[in-house]
Amino acid sequence: MDMLQFPANIAAAAGVNFAAIMPEVILSVIAMALLLVNVFINSEQKAYLGYLSLIGIVVTFFSVVSGWGAPQSGFNNSVLQDNFSLFFKGTFLVSAFLTILITDQYLKREECNWGEIYPLILFATVGMMLMASGTDLMTIFLGLEVLSVSLYVLAGFNRANLKSNEAGLKYFLLGAFSTGFLLYGMALIYGSTGTTRVAAIASYISQNGMVLSNPMLVAGMLLMAVGFSFKIAAAPFHMWTPDVYEGAPTPMTAFMSVGPKAAGFAAFLRVFIVALPAMKADWSELLWVLAVLTMTVGNITALKQTNIKRMLAYSSIAHAGYVLVGFTAGNAVGTAGVLFYMLSYAFMNIGAFAIIVLVGRKGEENNNVSDYAGFGFKHPVLGMCMSIFLFSLAGIPPAAGFIGKFYLFSGAIQAGYVWLAIIGVLNSAASVYYYLRVMVFMYMKDPTEEFDWLAVSPSLALCLLLSVAGVLIPGIVPGTLLDLAQKAILM
Amino acid sequence: MFENVWLIPLFPLIGFLINGFFGKKIKNEAVIGGIGTLMIFLSFLVSCGVLMQLIGLPAEQRVFEKVVFPWIHCGNFKADMAFLIDPLSAVMIMVVTGVGSLIHLYSIGYMHGEEGFYRFFAYLNLFCMSMLLLVLGSNMLVMFIGWEGVGLCSYLLIGYYFEKKSAGDAAKKAFVMNRVGDFGFLIGLFTLYWWFGSNHNIWTINFVEIKAASHLLPYGGVVTIATLCFFLGATGKSAQLPLYTWLPDAMEGPTPVSALIHAATMVTAGVYMIGRMSFVFIKSPETMMVVAVVGACTAIFAATIGTAQNDIKRVLAYSTVSQLGFMFLAMGVGAFGAGIFHLMTHAFFKACLFLGSGSVIHAMHHALHHGHLHDDAQDMRNMGGLKKYMPITFLTFLVSTIAIAGIPGFSGFFSKDEILWQAFANPYHGGLNIVLWGIGCIAAMFTAFYMFRLVFMTFFGECRINPKVKDHLHESPLVITIPLMVLGFLAVVGGYIGMPKLMGMLPNYFEHWLDPVFELANEYGKEYAHVGHHTHALEWGLMGLSVVIAVIGITIAFTMYMANNKLPEKFTSTFPALHRAVYNKWYMDELYDFLFVNPCKGFGNLLWKGFDVVVVDGIVNGVGKIFMGLSAGIRGLQTGYTHNYALGMTLGAVVIVALYIFR
């Protein structure tokens, strides 16, 4: 299977090639410009920064779309903008776009309306994009750091709120810790193969077969797996997730649970499938265990949660587990499933968080599941949106979540991992409990207190509209999106 | 035009969305009805374009597949949202959109002032979309969406007056019976898919591909299983024995629904499906025999019940079941073209009959309402002599009745006679053929009898409606009578495109038109049966015989209900048991209750109280408790201390590395 291989017809293989990083360039320039603009406007006008960054994202998105089907390599093969990275870049841009749409209303409510948040989101997106197109361990690491540093700040952005501070600090400490693992793994790989280019690592290993028995290479692979597992919040490296997700400002939680996770998977997939195909037997075994652990721990712990942000944090751990199932399969259906799933997960999860932003009150109050009692009757349209997102998260047709899971699990079955698929399905069944519990509160309980009148800002309404469309359309007609995902992994 | 075929189901969908979401706000009946009718009429125009283009092509090129978008691609499995245009689907879309447009138009008048007017039109449009998906789908899955969609719409429309318990019950009954059939359809689909895939590595549900590979199918064996399953689906949807009892009850729905869904289109889906897969069905002589026998039995069985009903719509409902039986008889004896031909002519005259009955009911209801009377507006015993008051309704009704009775010169004669002749002449079932033909003839006689009984009781004789309100009886408005006139016209002339060769005046266009679709099936059929030679004299003779039979039926009806009004009562008192049995529909509903419904309920109760409450709930709750406990346990690990988390990560990393390095 020639997935994710270097395409034969790359333009400008060596030297500087800005075409290969055009989306990153555009977005960085816009982010820096926004930083400047931010100095000159007062706090009432910060929303304009949001609009400007939305425009920036759309422009970048066009650059991504125009690059489709024309792979570009540059900077001595350390960056490759192929369909694979473009698909992920699209996913990142979608999640950044949706996040920014819900940010403004939250910032005003929490009275932390500082403009830096928009450039930070954009810088984080640039980092993610670099991770997806990095074909050198160093590029990937560079992207990861750009992303992580932005995220640390974003998690602690609500600096008046203690929990947000705690989240930022915890994320920073544990993130730095995990980076150590990742970097150490990269160093060991470099030590045993003499290169950091992913393609060169693969060819070195295939030419020198005995290096496979070198513990240094094996340990390098394992430590990189640990580092990536932290980024995608796979058990047992997931423990930071609930605390950080709960404490971080809600829109940032939405962002972190989607974009960086997808970026982690992009780099994880690229390094393991392109650089280490010779060790597939080893790493798929490890991923099998990680997938089972992650799904099970995520789902079981979510059962008892009362805070909805924390519940969705565990849910996002479980979803990383489902995606790992497709990764473990490692075949075309499973890998395309990963891409499909990460994009549809962006829609459904950010959509759900948009509702949380709406229901929440100042000081991150009103975030308990029981606060949703009677919500569905009081606000029928919003209730219906939330139900659609929850159904999709639970994997119930005709939502995209169902189709995504279907491809992930059928990839596993085709690759012979029948038990893994069975465990996945059982987990998915268990997860229905905590998703539907929210709906039970929404539709079957009487409200304990009167709902405030909810002011739905136009941008938040747009976010809900896009999310519902993004959940339902690929759910009902998955063909087109799946076709793109398949084109993204097969050159 | 072929490239735009997707517009055909799209228009009704748009109509459904507009009326479904905004109908309540629009309120204006003319706008709502106008949108609904316009949308289906636009589909009709596109269908005409498709038909024209199809006619322009040479016969062997009349197949076109339009992929609208890729839908599900997964490994070997591939299903596109794709439409198939060929002579068969062209006939079907013309019938669905043509008759559909007329019935939409009619509904504007008929449903005037009803609560939920918008809901009616939204459902009607949704139905048309589903039906068009069903007949256009180029693979079994698209067809199945339509198949399920029409079932759903039928449920919604039968239960349109959902505040009435009988309507709700009838809707449920229709849905459940259809589901039994759908189950068969699915099993058939899986069987065929699995057989082709595992034996020949052809993983397909696409009709064109299956047709191309159909030479691989064996005669009998697995094909018999698959086709019998498909046929079970057909009996559910097309109301054949044993799954027919829902259709008479479906008359609880508004009359236009009965005309469109329960006469002209949806119920013919089973016939269409067999036609679409003729090349599979013909490979199983056993299934063909079952289809023919079930069709013939249903034809006569329903016809006998029709003779004793007093509700005008119920007579027509049993008549529909019976006529569908004729179509299945045709399919079962390999006369696919004749079956589809009868489907089309039946759509014309039966839609006209139903709409005519609706016009009568409308007038009766109106009159009775004026006098504040609570007599049954649908009971023929309250009618009589209506021809004076409703001349247009009467004329169109009479024409359609002559057509269904099989009088030469009218459409029903051509198609029914073709079926009877082929039942006689086609050699698939050996000696059984003559029996099938005989049953068909007797059923045809009953048809002529009960239809003219209906006409005589409704339109002739003296008016039995309460004299107080007689003056309030009058003809329905133009929006109702125009569709009647168009359909009545079609009921007369619609048959001439398929005149038997024998008569020699016109070539049998219809059969030639469908030849490319059924050619392959006929080829396969020759493997186990050889068409014998029959003289023209014999064909003429049989044709004459079927005319005589029809005339006999009409004469009996005339004698009993016109010449001598005492005869029916005399008959009833002479054979009380027989009359009771027929009047009570041979007690089939009671039999089903006894055989299936009550045992199922009992078994369900047993499972519920014994197994479900104790065993299932026990296990489920037990598992739930275990997991809740686990959840609390894992939660305990989440201390909130960063150093604990770091320790957890380190331990995880150490364990993983150690396991790999030291194994």
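Residues numbered from 1 in each chain as written. Chains lettered and ligands numbered in written order. Predicted model: local features only at pLDDT ≥ 70, side-chain atom pairs only at ≥ 80, totals over all residues. Heavy atoms only, no water.

1. Looking at the overall build of chain A
Scanning chain A from N- to C-terminus turns up 19 helices and 2 strands. Whereas a compact globule of 491 residues would reach a radius of gyration of roughly 23 Å, chain A reaches 21 Å, a difference of no more than 12%. Its C-alpha atoms put chain A at 70 × 55 × 40 Å along the principal axes. The buried share of chain A, reckoned over its 491 residues, is 66%. (Helix = DSSP H or I, 4+ residues; strand = E, 2+ residues; numbered from the N terminus. Rg over C-alpha atoms; globule rule 2.2 N^0.38 Å. Buried < 20%, exposed > 50% of the residue type's maximum accessible area, 1.4 Å probe, protein only.)

2. Here's the deal with the packing of aromatic side chains
The tally for this structure, following the rule as stated, stands at 50 aromatic pairs over all chains. Each ring, one from A:F228 and one from A:F268, has its centre 5.1 Å from the other, and the planes form 25°; the classification is stacked. Placement of A:F228 in helix α8 (residues 215–232) and of A:F268 in helix α10 (residues 250–275) is noted, with a sequence separation of 40 residues between them. The same class applies to A:F228 and to A:F268, which are both buried. Consider the rings of B:F424 and B:W437, whose centres lie 5.4 Å apart with planes at 70°: the pair is edge-to-face. Note that B:F424 is positioned in helix α17 (residues 411–425) and B:W437 in helix α18 (residues 432–459), a separation of 13 residues in sequence. Pair check on accessibility: B:F424 and B:W437 agree, each one buried. The structure contains a cluster of three or more aromatic residues connected by ring pairs, namely B:F394, B:F397, B:F452, B:F456, B:F459, B:F460 and B:F558. Over the aromatic face of B:F207 sits the side chain of B:R276, whose NZ or CZ is 5.9 Å from the ring centroid. The cationic tip of B:K416 hangs over the ring face of B:F326; the distance from NZ or CZ to the ring centre is 5.2 Å. (Phe/Tyr/Trp six-rings, centres within 6.5 Å; stacked < 30°, edge-to-face > 60°. Lys NZ or Arg CZ within 6 Å of the ring centre and 35° of its normal.)

3. Comments concerning the interface of chain A and chain B
Across the boundary between the two partners, chain A contributes 44 residues, which contact 29 residues of chain B. Together chain A and chain B conceal approximately 3,200 Å² of surface at their shared face, both sides included; 71% is due to carbon and sulfur atoms. When the area that chain A buries against chain B is broken down by residue, the three leading residues are A:M239, A:I300 and A:K304, summing to 19%. The tally of links between chain A and chain B comes to 0 salt bridges. Across the contact surface, chain A and chain B share 9 residue pairs in polar contact (both at pLDDT 80 or more). Elements with a contribution of two residues or more to the side of chain A that touches chain B: α6 (162–193), α8, α9 (240–247), α11 (280–303), α12 (308–329), α16 (400–414) and α19 (479–489) of chain A. Of the residues contributing to the side of chain A that touches chain B, the split by class is 29 nonpolar, 9 polar and 6 charged. (Contact = heavy atoms within 4.5 Å. Buried area = accessible area lost by both parts, 1.4 Å probe. Salt bridge = Lys/Arg side-chain N within 4 Å of Asp/Glu carboxyl O. Polar contact = N/O pair within 3.5 Å; in protein donor to acceptor, adjacent residues only side chain to side chain. Nonpolar A, V, L, I, M, F, W, Y, C, P; charged D, E, K, R; others polar.)

4. Section: a negative patch on the surface
Residue and element names in this part refer to chain B. Taken together, the side chains of D515, E519, E523 and E527 define an acidic patch exposed on the protein surface. By the secondary structure assignment, D515 is in helix α20 (residues 509–525). Residue D515 is classed as partly exposed on the basis of its relative accessible area of 32%. (Patch = residues over 30% accessible without salt bridge, like charges linked within 9 Å, V, L, I, M, F, W, Y side chains within 5 Å. Areas by Shrake-Rupley, 256 points an atom, 1.4 Å probe, with all protein chains shown as cover. Lys, Arg positive; Asp, Glu negative; His and termini not counted. Charge placed at Lys NZ, Arg CZ, Asp CG, Glu CD.)

5. Brief notes about the nonpolar core
In terms of nonpolar packing, the biggest core is built from 378 residues, with A:F88, A:F272, A:L276, A:F327, A:L339, A:I355 and B:I340 touching the most fellow members. Per-element accounting of this core gives the leading share, 21 residues, to helix α13 (residues 332–359) of chain A. Discounting residues that sit within four places of it in the chain, A:F88 has contacts with A:A132, A:A262, A:A266, A:L269, A:L339 and A:M342. Counting 22 residues, the second largest nonpolar core, distinct from the first, contains B:F326, B:A425, B:W437 and B:A443. (Core = buried A, V, L, I, M, F, W, Y, C linked by side-chain atoms within 4.5 Å.)

6. Remarks on the side chain of B:K313
All names here are of chain B. You can see K313 is positioned in helix α14 (residues 312–332). In this structure, K313 is buried with no salt-bridge partner, the nearest side chain bearing the opposite charge being D311 at 7.0 Å. Leave out the neighbours within four places in its chain, and K313 touches M251, G253, P254, T255, S258, F354, S357, I361 and Q378.

7. Remarks on the pattern of salt bridges
Evaluated as defined, the whole model comprises 21 salt bridges over all chains. Put simply, B:K66 and B:E3 hold a salt bridge, and the shortest N to O gap is 2.8 Å. Here B:K66 is found in strand β1 (residues 64–74), whereas its partner B:E3 is found in the segment before α1 (7–26), with 63 residues between them in sequence. Residue B:K66 is classed as buried on the basis of its relative accessible area of 15%. Using a relative accessible area of 44% as the deciding quantity, one classes B:E3 as partly exposed. One salt bridge in this structure joins B:K173 and B:D249, with 2.8 Å as the shortest N-O distance. Of this pair, B:K173 sits in helix α6 (residues 165–200) while B:D249 sits in helix α9 (residues 246–249); the two residues are 76 residues apart in sequence, bridging distant segments of the chain. Its relative accessible area of 22% is what places B:K173 among the partly exposed residues. It is possible to trace a salt-bridge network through shared partners that takes in A:K163, A:E166, A:K170, A:D243, A:E246 and A:R310.

8. A short note on the pairing of β1(B)
Residue and element names in this part refer to chain B. When β1 meets strand β2 (residues 77–85), the two strands line up antiparallel, connected through 9 bridges. Note on β2: the bridge partner recorded for K66 is F83. What sits between β1 and β2 in their antiparallel hairpin is a turn of 2 residues, with G75 showing a positive phi close to 60°. (Pairing = 2+ DSSP bridges.)

9. Considerations on the environment of B:Y193
Residue and element names in this part refer to chain B. You can see Y193 is positioned in helix α6. As for Y193 and E148, which are separated by 45 residues in sequence, their C-alpha atoms are 19 Å apart. With near-sequence residues (within four places) excluded, Y193 lies in contact with N76, F77, I202, W203, T204 and I205.

10. Details of helix α24 (residues 588–637) of chain B
Along its length, α24(B) reaches its greatest deviation from straightness, about 50°, at B:D612. On its buried face, α24(B) sits against α11 of chain A together with α6 and α13 (285–306) of chain B. (Bend = angle between axes of the 7 residues up to and from the residue.)

11. Quick look at the confidence of the model for chain A
When pLDDT is averaged along chain A, the result is 90; 96% of the residues meet or exceed 70. Looking over chain A, one finds the lowest element-wise mean pLDDT in helix α14 (residues 375–378) of chain A, namely 85, and the highest in helix α4 (residues 117–133) of chain A, namely 95. (pLDDT = per-residue confidence, 0-100.)

12. Structural notes on the packing of helix α15 (residues 380–394) of chain A against helix α17 (residues 418–444) of chain A
All names here are of chain A. Two numbers describe how α15 lies on α17: the axes approach to 9 Å, and their chain directions differ by 170°. Here α15 is positioned roughly antiparallel relative to α17, judged by the angle of their axes. The segment α15 lies against α17, with G383, M384, M386, S387, L390, F391, L393 and A394 engaging S428, S431, V432, Y435, L436, V438, M439, M442 and Y443. Of the residues belonging to the contact of α15 with α17, the class tally is 13 nonpolar, 4 polar and no charged. (Axes fitted to C-alpha atoms, helices over the stretch in contact; angles between N-to-C directions. Parallel < 35°, antiparallel > 145°, perpendicular 65-115°, else oblique.)

13. Re unusual backbone geometry
Residue and element names in this part refer to chain A. The omega angle of the peptide bond from P397 to P398 is 5°, so this bond is cis rather than trans. Along the polypeptide, P398 turns up in the loop between α15 and α16. Positive phi, close to 55°, is recorded for N76, a residue that is not glycine. With respect to the helices and strands, N76 occurs in the loop between β1 (72–74) and β2 (79–81). The class of N76 is partly exposed, set by a relative accessible area of 46%. Even without being glycine, N77 reaches a positive phi, approximately 65°. Mapped onto the elements of the fold, N77 is located in the loop between β1 and β2. Of the residues examined, N77 reaches a relative accessible area of 29% and is grouped as partly exposed.

14. Quick look at the packing of α8(A) against α10(A)
Helix-helix packing: each pair is described by the crossing angle between the helix axes and the interaxial distance. Residue and element names in this part refer to chain A. Direction vectors running N to C along α8 and α10 enclose 160°, while the axes themselves pass 8 Å from each other. Here α8 is positioned roughly antiparallel relative to α10, judged by the angle of their axes. Seen along the crossing, α8 lies across α10 with a hand that is left-handed. On α10, the residues that touch M221, M224, A225, F228, S229, K231 and I232 of α8 are K261, G264, F265, A267, F268, V271 and F272. Residue composition of the contact of α8 with α10, grouped by class: 10 nonpolar, 2 polar and 2 charged. (Left-handed = near helix turned anticlockwise from the far one by under 90°.)

15. A look at the environment of B:V551
All names here are of chain B. Summarising the element assignment, V551 is placed in helix α21 (residues 536–563). On the basis of relative accessible area, V551 is assigned to the partly exposed category, the value being 39%. Once the C-alpha coordinates of V551 and A448 are considered, the two residues, 103 residues apart in sequence, prove to be 7.6 Å apart.

16. Details of the state of the cysteines
Across all of its chains, the model carries 0 disulfides over all chains by this definition. We note that A:C385 lacks a disulfide partner, and the nearest cysteine sulfur, in A:C463, lies 9.9 Å from it. You can call A:C385 buried: its relative accessible area is 9%. With no disulfide of its own, B:C153 lies closest to B:C128 among cysteine sulfurs, the gap being 8.8 Å. (Disulfide = S-S within 2.5 Å.)

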